[in-house]
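# Structural description and commentary
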Amino acid sequence: MDSNKEVRQKTFRRLLGYVKPYRLAFIAAVIGMLGYAGIDTFFFSQIETLIDDGLGESNPTILLYGALFVPLVFLLRGFFNFISTYFLSYVGFRIVSVMRQELFEHLMRVPVSYHDKMSTGDLISKITYDTQQLAEATSRALLTLIREGAFVIGLLGLMIYHSWQLSLVFLLVGPLIGKVVVIVSKRFRQVSSRIQTAMGNVTTTAEQMINGHQVVVMFEGQKREAERFDDINKVTRQQNMKLVNTRTISTSVIQFIASLSLSMVLVIASFPSMLDQLTPGAFTTLLTAMIMLLRPLKQLTNVNADFQRGLAAATSIFSVLDQDKEVDKGKRILDRARGDIEFKSVTFRYPDTEEPALHDISFSVAAGHSVALVGRSGSGKSTISALLTRFYDYETGSIELDGHDIREYSLKSLRRQFAVVSQSVTLFNDSIANNIAYGAAGDVSQERIEEAVRLAYVHEFADNLPQGLDTMVGENGVMLSGGQRQRIAIARALLRDAPILILDEATSALDTESERHIQEALDNLQENRTSLVIAHRLSTIESADEILVLEHGRVIERGSHEELLEKNGPYAQLHNMQFGGLE
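Report on the accompanying structure.

Calculation rules
- Residues numbered from 1 in each chain as written.
- Predicted model: local features only at pLDDT ≥ 70, side-chain atom pairs only at ≥ 80, totals over all residues.
- Heavy atoms only, no water.
- Salt bridge = Lys/Arg side-chain N within 4 Å of Asp/Glu carboxyl O.
- Helix = DSSP H or I, 4+ residues; strand = E, 2+ residues; numbered from the N terminus.
- Buried < 20%, exposed > 50% of the residue type's maximum accessible area, 1.4 Å probe, protein only.
- Arc of directions from axis to C-beta.
- Contact = heavy atoms within 4.5 Å.
- Pairing = 2+ DSSP bridges.
- Phe/Tyr/Trp six-rings, centres within 6.5 Å; stacked < 30°, edge-to-face > 60°.
- Lys NZ or Arg CZ within 6 Å of the ring centre and 35° of its normal.
- Axes fitted to C-alpha atoms, helices over the stretch in contact; angles between N-to-C directions.
- Core = buried A, V, L, I, M, F, W, Y, C linked by side-chain atoms within 4.5 Å.
- Patch = residues over 30% accessible without salt bridge, like charges linked within 9 Å, V, L, I, M, F, W, Y side chains within 5 Å.
- Areas by Shrake-Rupley, 256 points an atom, 1.4 Å probe, with all protein chains shown as cover.
- Lys, Arg positive; Asp, Glu negative; His and termini not counted.
- Charge placed at Lys NZ, Arg CZ, Asp CG, Glu CD.
- Left-handed = near helix turned anticlockwise from the far one by under 90°.
- Nonpolar A, V, L, I, M, F, W, Y, C, P; charged D, E, K, R; others polar.
- Polar contact = N/O pair within 3.5 Å; in protein donor to acceptor, adjacent residues only side chain to side chain.
- Expected span 1.5 Å × (residues − 1).
- Parallel < 35°, antiparallel > 145°, perpendicular 65-115°, else oblique.

## Section: the pattern of salt bridges
- All told, the structure shown has 17 salt bridges when counted by the stated rule.
- For R332, the salt bridge identified is with E408, shortest N-O distance 3.4 Å. Of this pair, R332 sits in the loop between helix 12 (280-321) and strand 1 (341-348) while E408 sits in the loop between strand 5 (404-405) and helix 14 (411-415); the two residues are 76 residues apart in sequence, bridging distant segments of the chain.
- With relative accessibility at 34%, the residue E408 sits in the partly exposed group.
- The network of salt bridges with shared partners includes R336, D497 and R529.

Next up, the structure:
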């Protein structure tokens, strides 16, 4: 319990840190809120004068002054309301913008392993829903807390001024109301936390259906997906209803407790000794203040729900921001590598798995040479390229680039030495030209883009498009075929002009003619560059300087294409399967 309280206090203090840059605007908002509450209290304090002096003494001047006084009060009230609402909203949305930006940037810096275990929908929910909840809930909570809190204090002061004896009755219920609020707070926190999770599930399920729409339709999964979404939707609705029920019941209980104290006040006020002390105006003011207290007390109860929801959202956001960034302790800066690569007894296992993905792997690639990795799916081919670019860090052994352990290089400097073309091509919802230029260092001339387009044979399909290279490709290149996306990725790698190439099934999505063109482009690209080629099609790696055959994370065979065929081992068997035993 104490640890939870400590976490909440830490979260709250951390949130206050985001307010500091906008403290002047926040102070202006507080002044506006206090002004608003002060005007309301002042308005009720004048009821006694209006009744006793205006009506009781039949003084028309007081009533005429009252007629001028009321519009002026409401004009000032409107001004303070605008000041408080505007500046509080300004601070709230500023903080949310900062948090969203921090979340977005932090998610680009956390390790790949974090993205592996987190669903995309859940992370998107944190950037969109949780930050919005934080803005709305905390802004509304602070507005109510300060404005209505000040109004309650003002009304209590007014009551005590007129009759401290009667006011004491009302004050006695304070601790009882406080106890109700504490019980309800715990419930609010639990439900709010569940709502965050439920909204993440809604986003994840919707995203999976949209991304896999064709698979859903093809395999007649509409009913299954609809039922799954309905279950998650139901959970979200139930949690929201629990929040509403808790809020409504707690409000009713608090108002009932307050009404009992009001009844007690009326009983005590009926005593002759009390009636002698109070004028009609004073009693009316006292009674009005007590009745008016019920509204801010109700809102102050609801503010707790908003505040707890805001804290739950903040905790969810901070849980992401507290994730460690990629380890980058390397100090060595490399302008352009020669391209000598060496794996020395490297063993690696993915997080939360027992079996190593790679076991005691050793091989070297001289600058300008190529090594090909072949083997069944899951044999560890792509893991080798992921370790080389330090998406993951190996446990034992070492990987060297130009004679230095890759961990000695800064991540930025290391990754600049690689151009990667993988089987799954990632394209952005931008033009073909901008997708090709993505990742190239500095500004890229049109001539260089056109050269990459020519070498990757992108012009063969781009020239037929209405806007040519300025054609938008859609989300992840949805407007293009698999082969067209692959060619754009190869053009991007050509333009990067890195000393080391990683080709992970680079020609897998191409037809035979396109593959021939691309293979020619890749042959040209591989000249004077170190290449790591991962391939299922053995025809694409016959010219590699060395071929490594992997199985269960171990190298079981190595040599050139001819040497491996002569050995008549696993490679030769793979070759016979693909070519029917014919050269």
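## Comments concerning helix 16 (residues 446-455)
- The set of residues buried in helix 16 consists of I449, A452 and V453. Down the axis, helix 16 shows its buried residues gathered within 105° of arc, on one side only.
- Buried residues belonging to helix 16 abut helix 15 (432-437), helix 17 (459-462) and helix 18 (482-496).
- Phi for Y457, located one or two positions after helix 16, is positive at around 60°.

## Observations regarding the pairing of strand 10 (residues 554-559)
- The pairing of strand 9 (residues 546-551) with strand 10 spans 5 bridges and is classified as antiparallel. Residue pairing for strand 10: I547 is matched across the bridge by G559.
- Between strand 9 and strand 10, which pair antiparallel and follow one another directly, the connecting turn spans 2 residues, one of which, H552, has a positive phi of 50°.

## A look at the packing of aromatic side chains
- Overall, the coordinates contain 10 aromatic pairs when judged by the stated rule.
- Judged by centre distance (6.1 Å) and plane angle (25°), the rings of Y18 and F318 are stacked. Here Y18, found in helix 1 (residues 2-19), pairs with F318, found in helix 12; they are 300 residues apart in sequence, far enough to count as distant. Accessibility classification places Y18 together with F318 in one group, the buried group.
- Considering the side-chain rings of Y86 and F87, the 5.2 Å spacing of their centres and the 85° angle between planes classify their relative orientation as edge-to-face.
- Of the aromatic side chains, those joined through ring pairs into one cluster are F82, Y86 and F87.
- Directly above the ring of F318 sits R14, whose terminal nitrogen or CZ lies 4.1 Å from the centroid.
- The positively charged end of R147 is found above the aromatic ring belonging to Y36, 4.1 Å away from the centroid.

## A word on the sheet that holds strand 10
- Across the sheet, 6 strands lie side by side as 6-7-8-3-9-10; this open sheet has mixed pairing. Where the open sheet ends on each side, the last strands, each with one partner, are strand 6 (418-421) and strand 10. On average, each strand axis in the sheet is inclined to that of its neighbour by 15°, with strand direction left out of account.
- Bridging between strand 3 (residues 370-375) and strand 9 involves 5 bridges; their strand directions are parallel.

## Digging into the nonpolar core
- Core analysis: the biggest nonpolar cluster contains 41 residues, and I436, V458 and I541 have the highest contact counts within it.
- Of all the secondary-structure elements, those providing two or more residues to this core are strand 3, strand 6, helix 15, helix 16, helix 17, helix 18, strand 7 (500-504) and strand 9.
- With 7 residues, the single largest contributor to this core is helix 18.
- In this structure I541 touches A372, V374, V533, A535, I547 and Y571, once residues within four positions along its chain are discounted.

## Observations regarding a negative patch on the surface
- A surface patch of like charges, here negative, comprises E542, E562, E563 and E566.
- Among the structural elements, E562 can be located in helix 20 (residues 561-567).
- Taking the relative accessible area as the measure of exposure, E562 reaches 49% and is therefore partly exposed.

## Re the sheet that holds strand 4 (residues 396-401)
- In spatial order, the strands read 2-1-4-5; together these 4 strands make up an open sheet with antiparallel pairing. Edge positions in the sheet fall to strand 2 (358-365) and strand 5, since each has one partner strand and no second.
- Two elements, strand 1 and strand 2, share 5 bridges in a ladder whose sense is antiparallel. Residue pairing for strand 2: I341 is matched across the bridge by V365.

## Points about the packing of helix 2 (residues 23-45) against helix 6 (residues 120-162)
- Where helix 2 contacts helix 6, the axes come no closer than 9 Å and their chain directions differ by 30°. Note on packing geometry: the crossing formed by helix 2 with helix 6 is right-handed. Along the contact surface, helix 2 presents F26, V30, M33, L34, Y36, A37, D40, T41, F44 and S45, while helix 6 presents L142, L143, I146, R147, A150, F151, G154, L155 and L158.
- Residue composition of the contact of helix 2 with helix 6, by class: 14 nonpolar, 3 polar and 2 charged.

## Description of the side chain of R147
- Residue placement: R147 occurs in helix 6.
- Buried and unpaired, R147 has no salt bridge, with E148 as the nearest side chain of opposite charge at 4.0 Å.
- Among the polar contacts listed, one links the side chain of R147 to the side chain of N81, at a separation of 2.8 Å.
- In this structure, R147 is in contact with M33, Y36, A37, N81, S84 and L142, ignoring residues within four places of it in sequence.

## Structural notes on helix 18
- With 15 residues, helix 18 should cover 21 Å at 1.5 Å per step; its first-to-last C-alpha distance of 21 Å lies within 8% of that length.
- For helix 18, the set of buried residues is G483, Q486, R487, I488, A489, I490, A491, R492, A493, L494 and L495.
- Backbone geometry just downstream of helix 18 places D497 in the positive-phi region, at approximately 55°.

## Details of a nonpolar patch on the surface
- Residues I160, W164, L168 and L172 make up a contiguous nonpolar surface patch of about 440 Å² in total accessible area.
- For the nonpolar patch, the leading source of residues is helix 7 (residues 164-172), giving 3 residues.
- Residue placement: L168 occurs in helix 7.

## Focus: the packing of helix 16 against helix 18
- The contact between helix 16 and helix 18 brings their axes to 8 Å, and the two run at 130°. Here helix 18 runs oblique to helix 16, going by the angle between their axes. Helix 16 and helix 18 meet at a crossing whose hand is right-handed. In this structure, helix 16 uses R448, I449, A452 and L455 to contact helix 18, whose residues at the interface are A491, L494 and L495.

## Comments concerning unusual backbone geometry
- Phi angles above zero are rare outside glycine, and D360 is one such case at about 50°.
- Structurally, the position occupied by D360 is in strand 2.
- Look at D360 and you get partly exposed, because its relative accessible area is 47%.
- In this structure, N568 takes a positive phi of about 55° despite not being glycine.

Any functional reading would require information that these geometric values do not contain.
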